[in-house]
Amino acid sequence: MSSAISAPAPARFPYAAMVVLSTIAFTAITTELLPSGLLPQISAGLDVSEPVAGYLAAAYAAVIVVTVVPAARLLGKISRHALLVGLVLTFAASNAMVGLAPDFTSAMIARLVGGLAHGLLWTTMAPFVTRVVPADKVGKALAIVFSGNSLGLAIGAPVGTALGGFLGWRAAFMVLAGFGLVLTVLAFFLLPRVQKISDAVRPSLRKAIAQPGVKPVAIAWPLLVLAHFALFTYIAPFIRDAGFPDYAISLSLTVLGGSGLLGIWIAGLTVDSRPRRSLLVTTAAIALSMFFLPLAVGNFTVALVLMTVWGAGLGAIGIYNQSAILRAGGEYQEAANGLTVLTIQLGITVGALYGSAALVVGGPMLVPVAAALPVVAAWIITLANKKHAYPQGPRERIWLEPRPIAKPLPDKVSGRS
């Protein structure tokens, strides 16, 4: 890794800092998803229809697509420590503004502020990790940080929704804002202050795209996200059509979020040693679980097993691809990482539309099969881009190298006459 982007990493692993970053990720995901679970209450509280209230979620994603690259470029020379602390404080302010919003317009402005912080966070956080951990522990660190994503999905959003049901939707956002303030203080004191490097390159999207390996990762990773959201967005119609019990929808969402933690743990053990082989196996497992899901009609136990594979795979592919884009981006890794933030948000948007089209054309049973197709495409891209985008890890190279043939010992040593 170029000295222009990475300072010498400390020998000791900064567990406290990684936990703080994971908690920041948890807060970001919870902030993003919270309006979806509280749409009826928000709709009534702001005197708008539920579809209009849903724009609070859609606008959050849209502003990421529009602002992530220029904002990252504009703020490229700001201290990463200061930027991360400022972003956490921005999340707190955004949630407080939503909780206090007198009307829909004010709430929308608050969500746009949160979306801007969200895009910058994911552009900044992974490169920051590479600067503060030993080089051979980056995969482990990313696994810890990304566990916050799955926890936000499995715990943060459901708990926030339940809290909104008990205390009101405004209280849910205010509690999340207060949590953000506490986290801001922790981030200020526990995140390392990375020394500024005078020859650090300025983020350049054009130069990042020109790096060998960046384009394949920036296409394959969003294809996997697209597939996930195509099925995840319409999992409820599939479950109802499959004849599963009423509690199956909430249980399925919990299984997907919880198994994501399992996938992150497995990826953390393998990303630094066997990244290519692990990603190929994981991607194939996701495709097969989606293909076979319609065959589980009437057997919820089998469906849960397949969802566990799907959820674990989703958690793992984030670690493998995050590591891949940082490596492929080289000295322009921050811009390359910003590119994937942009393409992943597009993948989320297109995935929901793609799943909707599959639902309309073929019904709920076709949605999992349709979702598997982009996964197969991502697997092919991964397989075909071995040199720069998805190279072998150190354990894979050793495994594939032929063992040296032992030469016979000289007669005097071997004891033969």
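Residues numbered from 1 in each chain as written. Predicted model: local features only at pLDDT ≥ 70, side-chain atom pairs only at ≥ 80, totals over all residues. Heavy atoms only, no water.

## Section: the overall build of the protein chain
Right, so step 1: Check the secondary structure of the protein chain and you find 18 helices and zero strands.
Right, so step 2: Expressed as a percentage of the 417 residues in the protein chain, the buried residues total 53%.
Right, so step 3: Nonlocal contacts in the protein chain, meaning residues at least 24 apart in sequence, comprise 87% of its contacts between residues at least 6 apart.
Right, so step 4: A total of about 18600 Å² of accessible surface is found on the protein chain, and carbon and sulfur atoms cover 69% of it. (Helix = DSSP H or I, 4+ residues; strand = E, 2+ residues; numbered from the N terminus. Buried < 20%, exposed > 50% of the residue type's maximum accessible area, 1.4 Å probe, protein only. Contact = heavy atoms within 4.5 Å. Areas by Shrake-Rupley, 256 points an atom, 1.4 Å probe, with all protein chains shown as cover.)

## Here's the deal with the nonpolar core
Soluble globular proteins: nonpolar side chains tend toward being buried together.
Right, so step 1: Counting 101 residues, the largest nonpolar core has M18, L21, I24, L121, L191, M290 and M307 as its most contacted members.
Right, so step 2: Here the element with the most residues in this core is helix α14 (residues 300-329); it accounts for 14 residues.
Right, so step 3: Residue contacts for L191: discarding those within four places in its chain leaves A17, V20, L21, I24, H81, L84, F128 and L186.
Right, so step 4: Within the second largest apolar cluster, 18 residues are counted, among which are L34, A59, V98 and A172. (Core = buried A, V, L, I, M, F, W, Y, C linked by side-chain atoms within 4.5 Å.)

## Describing the packing of aromatic side chains
Right, so step 1: For the structure shown, the criterion picks out seven aromatic pairs.
Right, so step 2: An angle of 50° between the planes, with centres 6.0 Å apart, marks the rings of W122 and F146 as tilted. Of this pair, W122 sits in helix α6 (residues 104-132) while F146 sits in helix α7 (residues 138-167); the two residues are 24 residues apart in sequence, bridging distant segments of the chain.
Right, so step 3: Overall, W122 belongs to the buried group, its relative accessible area being 13%.
Right, so step 4: F146 sits in the buried class, given a relative accessible area of 10%.
Right, so step 5: Look at F188 and F189: their rings are 5.1 Å apart centre to centre, the planes differ by 85°, and that puts the pair in the edge-to-face class. (Phe/Tyr/Trp six-rings, centres within 6.5 Å; stacked < 30°, edge-to-face > 60°.)

## A closer look at the layout of surface pockets
Right, so step 1: In this structure, the largest pocket spans a volume of roughly 1700 Å³.
Right, so step 2: E32, L33, L153, F229 and F232 are the residues nearest the centre of the largest pocket, which is lined by 50 residues in total.
Right, so step 3: At eight residues, the largest contribution of residues to the lining of the largest pocket is made by helix α12 (residues 248-270). (1 Å grid on protein atoms, 1.4 Å probe; cavity = no way out; pocket = protein on both sides within 12 Å on 5 of 7 lines; lining within 4 Å. Points joined across faces, edges and corners; volume = space filled by probe spheres on them.)

## Quick notes on unusual backbone geometry
Right, so step 1: Although it is not a glycine, D47 sits at a positive phi angle of roughly 60°.
Right, so step 2: Among the secondary structure elements, D47 is positioned in the loop between α2 (39-46) and α3 (50-53).
Right, so step 3: Relative accessible area serves as the criterion here: at 70%, D47 is assigned to the exposed category.

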